[in-house]
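Observations on the model geometry
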Amino acid sequence: MRVIAGKFRSRRLQTLRGTALRPSSDRLRETLFNILGPAIEGAIFLDLFAGSGAVGIEALSRGAWGAVFVENHAAGAALISRNLASLDIPVAAHVAGRKAFSGSAEILRLDAMDALGRLAESGARVDFVFADPPYANARAYEEVLAFLGESEVLARSGRVIAEHRRKSVLPALAGHLERIRIVEQGDTALTFYSPVFAA
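A few points on the structure. Positions within a chain are numbered from 1, following the residues in the order the chain's sequence is written. Thresholds applied to this predicted model are a pLDDT of at least 70 for local features of residues and 80 or more for the giving and counting of side-chain atom pairs; totals over whole chains, interfaces and linings are not thresholded and use all residues. To obtain the side-chain values, all non-hydrogen atoms of the structure were included, while hydrogens and water were left out.

Focus: the packing of aromatic side chains
Only Phe, Tyr and Trp rings take part, Trp by its six-membered ring, and two of them pair if their centres are within 6.5 Å. Stacked means planes under 30 degrees apart, edge-to-face means over 60, and tilted covers everything else. Using the criterion set out here, one finds 2 aromatic pairs in the structure. Among the aromatic side chains, those forming a connected cluster through ring pairs are Phe33, Phe45 and Phe128.

Shown next, in the form of structure tokens:
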């Protein structure tokens, strides 16, 4: 697995053998970041269920100001740390509060909902949230979308992107979040959400 584009283009990333993690394919990551385009530059990127960290690292490679990696699996969190170290990406605290320097990363070894709660309590604001829970865990999708749709963690101009099985349909609305796009690729899909507020 490699970084697709940007500062770390073609650099190799480690992944775990077996089925403990299911990395997003290179093709899907390329599709995602082609859609996000230059908006990723200067952004804070939240990578939930981060696995190897490939998606958040791709965001940093393409100019994101900082990335927060959330991974509760011990081996996965260690893997993210190794991948960041291999690219000399500094790991610092308070990235989500824009208190760290450019290109920095933060790893939260927490359950996704606990991490979101911690970010909310700290007053963090993020521009993009990428959520890739285990495909069979429908509750995880519901909880993450519901939280982001009611909290202020996501910036008003932000986006939430969920990766899921193509045959699974995520809700059209979740609090202030509205589904704006679905991109299908093979057996996988990306569903995009944007915040909407009453005038």
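Resuming the write-up.
A short note on helix α4 (residues 112-121)
For α4, the complete set of buried residues consists of Ala112, Ala115, Leu116, Gly117 and Leu119. With a side-chain oxygen lying 2.9 Å from the backbone nitrogen of methionine 113, the N-terminal cap of α4 falls on aspartate 111. A positive phi of about 80° marks glycine 123, the residue just after α4. Burial status follows relative accessibility: with a 1.4 Å probe on protein chains alone, a residue under 20% of its type maximum counts as buried, one over 50% as exposed, and anything between as partly exposed. A run of H or I in DSSP counts as a helix once it spans at least four residues, and a run of E counts as a strand once it spans at least two, with each numbered from the N terminus. For the purposes of these results, a polar contact is taken to be a pair of N or O atoms within 3.5 Å, where, inside protein, one atom must be able to donate a hydrogen and its partner to accept one; residues adjacent in sequence count only when each atom of the pair is a side-chain atom.

With respect to the packing of helix α1 (residues 26-36) against helix α2 (residues 54-61)
Helix axes are fitted to C-alpha atoms over the stretch in contact, other axes to C-alpha atoms as well, and angles between N-to-C directions run from 0 to 180 degrees. In contact at an axis separation of 11 Å, α1 and α2 are set at 40° when each is read in the N-to-C sense. Here α1 is positioned oblique relative to α2, judged by the angle of their axes. Regarding α1 and α2, the two cross each other, and that crossing is right-handed. Residues Arg29, Leu32 and Phe33 of α1 form the contact with α2, whose participating residues are Ala54, Val55, Glu58 and Ala59. Across the contact of α1 with α2, the residue classes break down as 5 nonpolar, no polar and 2 charged. Any angle from 65 to 115 degrees is called roughly perpendicular, while one under 35 is roughly parallel, one over 145 is roughly antiparallel, and all others are oblique. Take the far helix as the reference: if the near one is turned anticlockwise from it by less than a right angle, the crossing is left-handed, and if turned clockwise, right-handed. Here, residues are in contact when the closest pair of their heavy atoms is within 4.5 Å. Asp, Glu, Lys and Arg are counted as charged, while Ala, Val, Leu, Ile, Met, Phe, Trp, Tyr, Cys and Pro are counted as nonpolar; the rest, among them Gly, fall into the polar class.

Some thoughts on the pairing of strand β5 (residues 154-165)
Two strands make a pair as long as DSSP finds a minimum of two bridges between them. As paired elements, strand β4 (residues 126-131) and β5 share 5 bridges and run parallel to each other. Counterpart to phenylalanine 130 in the pairing with β5 is isoleucine 161. With the strands aimed away from the viewer, a crossover counts as right-handed if its path from the first strand over the helix to the second runs clockwise. Each parallel crossover has a hand, and the one from β4 via helix α5 (residues 138-150) to β5 is right-handed. Pairing analysis gives 6 bridges linking β5 to strand β8 (residues 188-195), with the strands arranged antiparallel. Paired with histidine 164 across the bridge in β8 is alanine 189.

Comments concerning the sheet that holds β5
Taken together, 8 strands build an open sheet; the order of strands is β3-β2-β1-β4-β5-β8-β7-β6 and the sheet is mixed. Pairing within the sheet leaves two strands with one partner each, and these edge strands are β3 (104-108) and β6 (173-174). Running over the sheet, α5 touches β1 (44-48), β4, β5, β6, β7 (177-185) and β8 and is turned about 170° from β5.

Quick look at the nonpolar core
We define the nonpolar core as a collection of buried residues of types Ala, Val, Leu, Ile, Met, Phe, Trp, Tyr and Cys that are connected through side-chain atoms lying within 4.5 Å of one another. Core analysis: the biggest nonpolar cluster contains 30 residues, and Leu32, Leu36, Phe45 and Phe69 have the highest contact counts within it. Where this core is concerned, the elements lending two or more residues are α1, α2, β2 (66-70), α3 (74-86), β4 and β8. Looking at which element gives the most residues to this core, the answer is α2, with 5 residues. For leucine 32, the residues in contact, after removing those within four places along its chain, are Val55, Phe130, Ile161, Leu190 and Phe192. Counting residues in hydrophobic clusters, the runner-up holds 29 residues, among them Leu48, Leu110, Ala131 and Val160.

Quick look at unusual backbone geometry
Of note in this structure, serine 10 is not a glycine but carries a positive phi near 70°. Mapped onto the elements of the fold, serine 10 is located in the segment before α1. Using a relative accessible area of 42% as the deciding quantity, one classes serine 10 as partly exposed. Phi angles above zero are rare outside glycine, and aspartate 88 is one such case at about 60°. With respect to the helices and strands, aspartate 88 occurs in the loop between α3 and β3. Here aspartate 88 falls in the exposed class, since its relative accessible area comes to 69%.

Distances and angles like these do not, on their own, reveal function.
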